[in-house]
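# Coordinate analysis (summary)
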Amino acid sequence: MRAVLRTVNRVLLAVVGLVLLVLGGAVLAVGLGAPAPSWWIHGSRHDVLLSDAERTRWRDAGWWWPVVLAALAVLVLLALWWLTAVLRRRRLAEVLVETGDGEGALLRGRAMEDVLAAEATDLDGVTRAHAHLTGRRSTPAARVSLLLEPHVNPGTALTDLTTQALAHARDSAGLKSLPAEVRLRAARHRPERVS
C-alpha cells in the first residue's frame, strides 16, 4: 500500500505541476501581449473568463448542478485522502536514548531500522528482513517482516529474533522495552520430488 501511495503522490504532483505550469505560462504570455495559443479558450487578453452565454448555457438542464456538485465532492474527497496520506508519518524519525546525565541523545530511526533488519537477516533461516519503527521517540515500537526459508520452524525464528536482534536493539538504545509486531512469511520454493 505504501508503494501505491508513493506512486500516486508522485504522479498527481507531476500532473498538477505540469498543468499549472502550462496554464500559468499561457496566461502570463497572453497577459503580456503574446498571441494566444491555438488551444486557448479566449481570443485576447481583454476577454472575460466566462461570458454570459457560457455561464447560463446549462442553467435549464436538471442534471447539470447535481453532476457538478458530485464531481466537486469527489475531487474534494480525493484531495483530502491525498493530503492525509502525505501528511501521515508512519515512520519514527528519531529515538531518544537516555544517557544517564539528565540530557539525552537522538538516534536516527532509519539507522536503528537498518541495523535491526541487518541483524534479523543474519539469523538462521531468514532470507530477508525489513524493520520499521513507529510510536513516540521515547517509547518506540518495531514492525518487523521476516521472509523465512521454506523449512524453518517459525517459532524458532521468532524466538531468535526476540532474544537476539530485538533484545540487542532495545539494550543498545537504552530502552525499557521495545514492543514488536512480527510478520512471518515463507519464501516460495520449487516443489520437491518424492522418489
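One can find the structure itself at the top, above this paragraph.
To keep things clear, this report deals only with the structure shown in the data block. (Residues numbered from 1 in each chain as written. Predicted model: local features only at pLDDT ≥ 70, side-chain atom pairs only at ≥ 80, totals over all residues. Heavy atoms only, no water.)

### Focus on the overall build of the protein chain
- Along the backbone of the protein chain there are 5 helices and 5 strands.
- Helices and strands in the protein chain line up, N terminus first, as α-α-α-β-β-α-β-β-α-β.
- What you see for the protein chain is a C-alpha radius of gyration of 28 Å, clearly larger than the 16 Å of a compact globule of 195 residues, by over 25%.
- Counting only C-alpha atoms, the protein chain reaches 75 × 65 × 35 Å along its principal axes.
- A fraction of 49% describes how many contacts in the protein chain between residues 6 or more apart in sequence connect residues 24 or more apart.
- Approximately 14600 Å² of the protein chain is accessible, and the part contributed by carbon and sulfur atoms is 60%. (Helix = DSSP H or I, 4+ residues; strand = E, 2+ residues; numbered from the N terminus. Rg over C-alpha atoms; globule rule 2.2 N^0.38 Å. Contact = heavy atoms within 4.5 Å. Areas by Shrake-Rupley, 256 points an atom, 1.4 Å probe, with all protein chains shown as cover.)

### Some points on the nonpolar core
- With 24 residues, the main nonpolar core has M112, L116, V144, L146, L161 and L166 as its most contacted residues.
- Looking at this core, the elements with two or more residues in it are β1 (94-97), α4 (109-121), β3 (126-135), β4 (140-148) and α5 (154-172).
- Top element by residues in this core is α5. It accounts for 5 residues. (Core = buried A, V, L, I, M, F, W, Y, C linked by side-chain atoms within 4.5 Å. Buried < 20%, exposed > 50% of the residue type's maximum accessible area, 1.4 Å probe, protein only.)

### A look at α5
- For α5, built from 19 residues, the straight-helix expectation of 27 Å at 1.5 Å per residue is met to within 8% by its first-to-last C-alpha distance of 26 Å.
- Along α5, the sharpest change in direction is near 35 degrees and occurs at L161.
- Residues A157, D160, L161, A165, L166, A167 and A169 constitute the buried set of α5.
- Buried residues along α5 sit against α4, β4 and β5 (180-186). (Expected span 1.5 Å × (residues − 1). Bend = angle between axes of the 7 residues up to and from the residue.)

### Comments concerning the side chain of D160
- You can see D160 is positioned in helix α5.
- The charged side chain of D160 is buried without a salt bridge, its nearest counter-charge being R170 at 14 Å.
- Contacts of D160, omitting those with residues within four sequence positions, involve L123 and A165. (Lys, Arg positive; Asp, Glu negative; His and termini not counted. Salt bridge = Lys/Arg side-chain N within 4 Å of Asp/Glu carboxyl O.)

### As for the environment of L80
- Along the chain, L80 falls in helix α3 (residues 64-87).
- Counting along the chain gives 58 residues from L80 to S138, while the straight-line C-alpha distance between them is 30 Å.

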